[in-house]
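Secondary and tertiary structure notes
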Amino acid sequence: MNVSLRQLQVLLAIADEGGFARAGDAIGLSQPAVSQSIRALEAELGLKLLDRTTREVLLTPAGEALVGPLRRVMGDLQELLARTQALGAQARGVVRVASAPTVSAGLMPRCLSVALQRHPDIQVLLTDQAQRLALESVRSGAVDFAVVVGGEQMDDLDQQPVFEEGFVLVCPAGHALAARTRVPLAALAGQPLVLLDHTSGSRPLIDEALRALPAARGTPARVVLDVGNATTAFRMVAEGLGLSILPALSLPLPDGQALRAVPLHPPLRRRIVLVARRNRSLSPAAQRIWSMVAELAAAMPPGTDAAAGRATSRRIP
């Protein structure tokens, strides 16, 4: 049976207003549109619902039998729709987010601060996890979504790229490479490196870039230390144990340590993405936080002076 909600609303308006013109004014339809709607409804039901004269419109017995229960059904429907709409409008609750360590340090503090201002009824719980653990948390449902490094196989997850950033070489201020404005990867031949370990989403990108260096350029770079976070890498470099390649979100450099950050050339970049379980809708609260993180990430100001500690980033359309 092809009966529309609009046709039923028109019938109730006529019963309330006692005429086609007044019913049309009440629900924002022209009189011809009201007449057409009623004719279609009567044709679909195979019943005459209204008796029309030049002076009045009256419900037929069939019309009266329909209008009474219809009022109750329409009232229940309106209440149900209002309650559903209120769920989205309120968007209250707890939202759990995981993020990779450099993202946690470089992007998420701003996101959490803005969330407190914009959405005081939403509690955002951030879990700072290595890339692999953050992805496992999404897949298991332990978190609503994660902010991680793109690039690895994530076919089972929905992804939204939000920005790209470059990597920098971190070296002691007195190192020969510290005086350069840009450092080619080939210049790292033979140099000891302190890198983020293989739980990091950045490490595969760095390894691939180092493997791609022509063998004729000299001795390959040597990874002497794997560390779990950028703070440890800074300390190791400051002690002269090696150089480090870190994402720009790791900046600014720590105070009190004679270090310099120099952009790489050609640029080595990574993509930051939001990920959530595929075919699972986010709650209204989680959707609001997802959209807010995407907005703030895309608006990160691009910078060129990595040594000054401004992340080099660009928006993903």
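As a starting point, this report considers the structure included with it. Being a predicted model, the structure only gives us computed values, none of them experimental.

**Details of the pairing of strand S11 (residues 259-265)**
In the sheet, strand S6 (residues 157-172) pairs with S11 via five bridges, with the strands oriented antiparallel. Its bridge partner being in S11, Val170 is matched across the sheet by Ala261. When strand S7 (residues 183-184) meets S11, the two strands line up parallel, connected through two bridges. By the bridge assignment for S11, Pro184 is matched with His265.

**Notes on the nonpolar core**
If you look at the biggest cluster of nonpolar residues, it comprises 30 residues, and the most contacted ones within it are Leu107, Phe145, Val147 and Val293. Mapped by element, the contributors of at least two residues to this core are strand S3 (93-99), helix H6 (108-118), strand S4 (122-128), strand S5 (145-149), S6, strand S12 (269-277) and helix H10 (284-298). If you tally residues by element for this core, the top one is H10, at nine residues. In this structure, Leu107 is in contact with Val147, Phe163, Leu249, Val293, Ala297 and Met300, ignoring residues within four places of it in sequence. Grouped together as the second largest cluster of nonpolar side chains are 18 residues, Cys171, Leu195, Leu264 and Leu268 included.

**A look at helix H9 (residues 230-238)**
What H9 keeps buried is the set Ala230, Ala233, Phe234 and Val237. Looking straight down H9, one finds that the buried residues subtend no more than 100 degrees of arc, so they occupy a single side. Opposite the packed face of H9, turned more than 90 degrees from it, sit the exposed residues Thr231 and Arg235. Turning to H9, the residues buried within the fold contact S6, strand S8 (192-196), strand S9 (222-227), strand S10 (244-247) and S11. For H9, the N-terminal cap is Asn229; the gap from its side-chain oxygen to the backbone nitrogen of Thr231 is 3.2 Å. Residue Gly240 follows H9 closely and has a positive phi angle near 80 degrees.

**With respect to the pattern of salt bridges**
One pass over the full model with this rule turns up 10 salt bridges. Between Arg52 and Glu42 there is a salt bridge, with the nearest N and O atoms lying 3.4 Å from each other. Placement of Arg52 in strand S1 (residues 50-52) and of Glu42 in helix H3 (residues 31-45) is noted, with a sequence separation of 10 residues between them. Taking relative accessible area as the criterion, Glu42 reaches 12% and is therefore assigned buried. Where Asp226 meets Arg203, a salt bridge forms, and the shortest distance between an N and an O atom there is 2.7 Å. Note that Asp226 is positioned in strand S9 and Arg203 in helix H8 (residues 203-211), a separation of 23 residues in sequence. Using a relative accessible area of 45% as the deciding quantity, one classes Asp226 as partly exposed. When salt bridges that share partners are traced, they join Glu164, Arg269 and Arg271 into one network.

How each quantity is defined
- Residues numbered from 1 in each chain as written.
- Predicted model: local features only at pLDDT ≥ 70, side-chain atom pairs only at ≥ 80, totals over all residues.
- Heavy atoms only, no water.
- Pairing = 2+ DSSP bridges.
- Helix = DSSP H or I, 4+ residues; strand = E, 2+ residues; numbered from the N terminus.
- Core = buried A, V, L, I, M, F, W, Y, C linked by side-chain atoms within 4.5 Å.
- Buried < 20%, exposed > 50% of the residue type's maximum accessible area, 1.4 Å probe, protein only.
- Contact = heavy atoms within 4.5 Å.
- Arc of directions from axis to C-beta.
- Polar contact = N/O pair within 3.5 Å; in protein donor to acceptor, adjacent residues only side chain to side chain.
- Salt bridge = Lys/Arg side-chain N within 4 Å of Asp/Glu carboxyl O.

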